[in-house]
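Here is how the chains run, residue by residue.
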Amino acid sequence: MRHGNLLALTGLLVGAGLPAQATAQATAAPHVVSYSVTTSSRESGARFEWSDGRALEIRLRGGDVLVDGARVGGYARGGALETEWRALLAWTGSLTTDEAVAAVRSWTPEGVTGSEAQALDAVRARFDALRAGQTVAVAPPAPRAPRPEIAEAVAAAEQAAAEARVHVHELRDQIRNSVRVSVGNGLEEGFRPPPQPRFTTPIEAAFHGIMGLLGAFVALSAIGFGISFFGGRQLDVVASTVSASCARSFFVGLFAQPLVIPAFGATIAALVLTVVGILVVPVAIVAFVATLIAAVLGGYLAVARVAGSAWMKRRHGDHGIEGFGVLRSVAYGLAILLAVWLPAAVLGWVPVAGTVLTWTAAGVTWALATTGFGAAILTRGGTRTTFGHRFAPPELPPASLYERSGPEISTAEWMGHQR
Amino acid sequence: MTLRGFGTGVLTALLTLPAAAGAQEYRTVRQSRRLDTSAPVTVTVEFAIGRFQVGPASDGRLYHVDLTYVENLFDPSIDYDAARRTLDVRVSETRGNIKARDLKNPRQALTLQLHPNVPLDLDLEFGAVKADLALGGLALRRARVETGASETVLSFDRPNAIICDELRLEVGAAKLTTRALGNSRCRAVRFEGAAGQVELDLSGAWPEGEVSVDVSVAFGEVRLRVPPGIGVRLHTERILARVDRADLVKQGSAYYSADYERAATKLDIDVSTAVGNVVFEWTR
């Protein structure tokens, strides 16, 4: 239907296939100098401004056809008039003003009947009154009826395209497989593909950094909550050691780090030497790594517990030693500890300064983790209270956690009691 | 806070997230005006969010604006004052609060085309925008580009039709890439940036004589790329910044290229930065 209109318009104006061309017939009489179209799902309209300041505005909105705001008729949503009108706007929106005037003056939509036809007549009457600055001829982008040989060529091209798509899919699968194999081999050989350059704005970089930090906080909080539930006493003992013997814990952690690998090697060697122990070497490897991770992570969380409890004491007057307070203190502590990464996350993209901030945050985190690691070693994973004491500040009344009669005593206290 | 309260809060947040990401209504506006070359035109653009393109218009149009925007968020205006010869395009007035997801709006876009034969005073201001400013071939008298958190490419693929007085770039936390700034044919280029990565490609058909290039960046990296044959005087003021000055030779407080005195075009580059890198390099 629309194509029919465009064909008629083409024949009327310039004949089929001719490009837009202007015939210089300048006029000093009032003429249209500006043309704009507006389209949305709810309405569509066109506005013409004359050189003498007048304007003509035609809109289709809510079932009404409006000319300069006054209703001249109605239209059916999705009907012939609206369809042809939107097609006209889509075409003329990219034309020059003179071309648009010529196009709308020649607009002859098909299939518009009934009450829509009345509205169309009113609109076309206003279009007929429009005058362009120059008389131009426009050729609408009308697809003409394809000649038989063209139709055959199109069909052949579509067939070829369909076959090509199949080949492309096959090639894509082959390439994916070969890339998987290559990357896999490369990774096995220690090869890492070079990072692809990707643009990130500073806002994006900061956003990614903060989201990463948030993710780390959530992950560590989840682990911390788990440890608080299932190993709360051990965590408190390590935390008390961090609090009472901070320097000692740090240096123990510092000196223990170079010994990790030799200790691991010695363990494996000892198991191998016993011959029978060879069977448990895989288990020993897993156990050693798990223990190491637990010591470092648990130590870090213990430091967080200390920081969080100090914060809670300052804000709420208690250290959060019971129930939900323990979880809150761990969460507060993690927020405090991870806050050292905030400047790096926000300004990490800044050359020099970003690097400095990142390394500073990494250094602080290493020092805290080392302290926690040392405390975990000193307390044998939270089972010895030799270097610590109750995790309660001196100014507080005796904490009930370890001094409560009955079964609510720590493992360390229980062991001390046994001795 | 109880555990139940905590869990309820998390559950509520998870349930309300999908509802917050509802569909948006878009509106498209296209406007053009007959060509009138009788006097220069002052063009002012304010564009808050989306994609922004500027380029030359085809014959017969003074300008052409093609805008697609979120209908329920913005209340744009496109005004041309024929008496004052000013075009104002503003897509910055908001109807409600802008959410984080709106900052990455893929469909909101503004394309502005300007006729190359009309002398222009250009004032572009945009926020969280991905901008492609192809100003080559226009007739700029002066231009100012102010960006917020944007990703901007400013290019002059063809020489400016007239000698331009000043090109001023004011950039917030953004990445700005320039191409062939020399084709702007400006007597002065001023760059002010709060933070970001800036690449100034100073190649192109500079006007003969002295051209002033002032670059001021608080934090970030400034990369200056200059083609051979242009005389360069580089003066830097910095606090915690590293300067990579290629083969420029220090004389007094500035660094000079070997052919500075003989060169027909002399770029006097002043860079001031607090923290970051200043990299000068010759293009080959």
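Here the structure is a predicted model, which is why all the values come from computation and not from measurement. (Residues numbered from 1 in each chain as written. Chains lettered and ligands numbered in written order. Predicted model: local features only at pLDDT ≥ 70, side-chain atom pairs only at ≥ 80, totals over all residues. Heavy atoms only, no water.)

**Some points on the interface of chain B and chain A**
Counting residues at the interface gives 36 residues for chain B, matched by 36 residues for chain A. When the buried surface of chain B facing chain A is broken down by residue, Arg-27, Arg-30 and Arg-34 of chain B rank first, second and third, together holding 24% of it. With a closest N to O distance of 2.9 Å, Asp-98 of chain A and Arg-34 of chain B form a salt bridge. Inspection of the region where chain B meets chain A yields 13 residue pairs in polar contact (both at pLDDT 80 or more). Breaking the side of chain B that touches chain A down by element, the ones donating at least two residues are helix H1 (3-20), strand S1 (26-34), strand S3 (61-70), strand S10 (164-179), strand S11 (186-201), strand S12 (209-226) and strand S16 (265-282) of chain B. Take the side of chain B that touches chain A: its biggest share by element is nine residues, from S1 of chain B. By residue class, the composition of the side of chain B that touches chain A is 13 nonpolar, eleven polar and twelve charged. As defined by bridge partners, strand S2 (residues 32-40) of chain A adjoins S1 of chain B across seven bridges and the pair is classed as antiparallel. When the bridges of S1 of chain B are listed, Thr-38 of chain A appears paired with Val-29 of chain B. (Contact = heavy atoms within 4.5 Å. Buried area = accessible area lost by both parts, 1.4 Å probe. Salt bridge = Lys/Arg side-chain N within 4 Å of Asp/Glu carboxyl O. Polar contact = N/O pair within 3.5 Å; in protein donor to acceptor, adjacent residues only side chain to side chain. Helix = DSSP H or I, 4+ residues; strand = E, 2+ residues; numbered from the N terminus. Nonpolar A, V, L, I, M, F, W, Y, C, P; charged D, E, K, R; others polar. Pairing = 2+ DSSP bridges.)

**Focus on the nonpolar core**
Membership of the largest hydrophobic core comes to 74 residues, with the highest contact counts inside it found for Phe-52, Leu-114, Leu-133, Leu-224 and Ile-269 of chain B. Those residues within four positions of Leu-224 of chain B in sequence are excluded, and the remaining contacts are Leu-200, Leu-202, Val-215, Leu-234, Ile-269, Val-271, Val-279, Phe-280 and Glu-281 of chain B. Ranked by size, the runner-up nonpolar core spans 34 residues in total, among them Val-37, Ile-58, Leu-89 and Leu-95 of chain A. (Core = buried A, V, L, I, M, F, W, Y, C linked by side-chain atoms within 4.5 Å. Buried < 20%, exposed > 50% of the residue type's maximum accessible area, 1.4 Å probe, protein only.)

**Quick notes on the pairing of S10 of chain B**
Residues and elements named next belong to chain B. Pairing of strand S8 (residues 139-147) with S10, which is carried by six bridges, proceeds in the parallel orientation. Bridge pairing in S10 places Arg-144 opposite Arg-168. Pairing between strand S9 (residues 151-155) and S10: five bridges, direction parallel. Among the inter-strand pairings, Ser-155 is bridged to a residue of S10, identified as Arg-179. Where S10 meets S11, twelve bridges bridge the pair, whose relative direction is parallel. Within S11, the position partnered with Leu-167 by the bridge is Val-189.

**Observations concerning the pairing of strand S5 (residues 64-67) of chain A**
Residues and elements named next belong to chain A. Pairing geometry for strand S4 (residues 55-61) and S5, over four bridges, is antiparallel. Within S5, the position partnered with Ile-58 by the bridge is Val-67. What sits between the antiparallel neighbours S4 and S5 is a turn of two residues, in which Gly-62 has the positive phi angle 60°. The pairing of S5 with strand S6 (residues 70-74) spans four bridges and is antiparallel. Looking at S6, one finds that Val-65 is bridged to Gly-73. Connecting S5 to the next strand, S6, in antiparallel fashion are two residues, including Asp-68 with a positive phi near 50°.

**A word on the packing of aromatic side chains**
Summed over the entire model, instances satisfying the criterion amount to 14 aromatic pairs over all chains. Seen in terms of ring centroids, Phe-48 of chain A and Phe-127 of chain A are 5.8 Å apart; in terms of plane orientation they differ by 70°. Their pairing is edge-to-face. Of the two residues, Phe-48 of chain A is situated in strand S3 (residues 43-50) and Phe-127 of chain A in helix H4 (residues 115-128); the sequence distance between them amounts to 79 residues. The buried category is assigned to Phe-127 of chain A, whose relative accessible area is 1%. Linked through ring pairs, Tyr-35, Phe-48, Trp-85, Trp-107 and Phe-127 of chain A together constitute an aromatic cluster. Residue placement shows Arg-107 of chain B over the ring face of Tyr-26 of chain B; its charged tip is 4.0 Å from the ring centre. (Phe/Tyr/Trp six-rings, centres within 6.5 Å; stacked < 30°, edge-to-face > 60°. Lys NZ or Arg CZ within 6 Å of the ring centre and 35° of its normal.)

**Side note on the environment of Leu-224 of chain B**
Among the structural elements, Leu-224 of chain B can be located in strand S12. Along the backbone, Leu-224 of chain B and Ser-203 of chain B are 21 residues apart, and their C-alpha atoms lie at a distance of 9.9 Å.

**As for the packing of helix H9 (residues 281-316) of chain A against helix H10 (residues 324-338) of chain A**
Residues and elements named next belong to chain A. Their axes nearest at 6 Å, the elements H9 and H10 cross at an angle of 105°. Classed by the angle they form, the pair H9 and H10 counts as roughly perpendicular. Along the contact surface, H9 presents Tyr-300, Leu-301, Val-303, Ala-304, Arg-305, Ala-307, Gly-308, Ser-309, Trp-311, Met-312 and His-316, while H10 presents Gly-325, Val-326, Arg-328, Ser-329, Val-330, Tyr-332, Gly-333, Leu-334, Ile-336, Leu-337 and Leu-338. Grouping the amino acids of the contact of H9 with H10 by side-chain chemistry returns 14 nonpolar, six polar and two charged. (Axes fitted to C-alpha atoms, helices over the stretch in contact; angles between N-to-C directions. Parallel < 35°, antiparallel > 145°, perpendicular 65-115°, else oblique.)

**Overview of the pattern of salt bridges**
Residues and elements named next belong to chain B. Per the stated rule, a full pass over the model turns up 37 salt bridges over all chains. With a shortest N-O distance of 3.3 Å, Arg-90 and Asp-88 are connected by a salt bridge. One continuous salt-bridge network, built from bridges that share partners, spans Asp-123, Glu-125, Arg-144, Glu-146, Glu-166, Arg-168, Glu-170, Arg-190, Glu-192 and Asp-214.

**A short note on a nonpolar patch on the surface**
There is a patch of nonpolar side chains on the surface, built from Phe-207, Met-211, Leu-214 and Val-218 of chain A and spanning about 390 Å² of accessible area. Tracing the chain through its elements places Phe-207 of chain A in helix H6 (residues 202-244). (Patch = residues over 30% accessible without salt bridge, like charges linked within 9 Å, V, L, I, M, F, W, Y side chains within 5 Å. Areas by Shrake-Rupley, 256 points an atom, 1.4 Å probe, with all protein chains shown as cover.)

**A look at unusual backbone geometry**
Most peptide bonds are trans, and most residues other than glycine sit at a negative phi. All names here are of chain B. Even without being glycine, Arg-185 reaches a positive phi, approximately 55°. Locating Arg-185 in the fold gives a position in the loop between S10 and S11. The backbone phi angle of Ala-246 is positive, close to 55°, even though this residue is not glycine.

**Notes on the confidence of the model for chain B**
Residue and element names in this part refer to chain B. The share of residues in chain B with pLDDT of 70 or more is 87%, and the mean pLDDT across the chain is 84. Taken element by element, the predicted model of chain B shows its lowest mean pLDDT in H1 (39) and its highest in strand S6 (residues 109-114) (95). Here the complex is predicted with pTM 0.60, and the ipTM for its interfaces comes to 0.81. (pLDDT = per-residue confidence, 0-100.)

**Thoughts on H10 of chain A**
Between its first and last C-alpha atoms H10 of chain A spans 21 Å; for 15 residues at 1.5 Å apiece the expected length is 21 Å, and the two agree. When H10 of chain A is considered as a whole, its buried residues turn out to be Gly-325, Val-326, Leu-327, Ser-329, Val-330, Ala-331, Gly-333, Leu-334, Leu-337 and Leu-338 of chain A. (Expected span 1.5 Å × (residues − 1).)

**Let's talk about the confidence of the model for chain A**
Should pLDDT be low for a region, the predicted coordinates there are not to be read in detail. Residue and element names in this part refer to chain A. When pLDDT is averaged along chain A, the result is 78; 75% of the residues meet or exceed 70. Scored below 50 in pLDDT, residues 1-26 makes 49 contacts in the model with residues more than four places away or belonging to other chains. Scored below 50 in pLDDT, residues 393-406 shows 25 contacts in the model against residues more than four places distant or in partner chains.

**Let's talk about helix H12 (residues 353-378) of chain A**
With 26 residues, H12 of chain A ought to run about 38 Å at 1.5 Å a step, and its terminal C-alpha atoms sit 37 Å apart, in line with that. Positive backbone phi, approximately 55°, marks Arg-380 of chain A, located one or two places after H12 of chain A.

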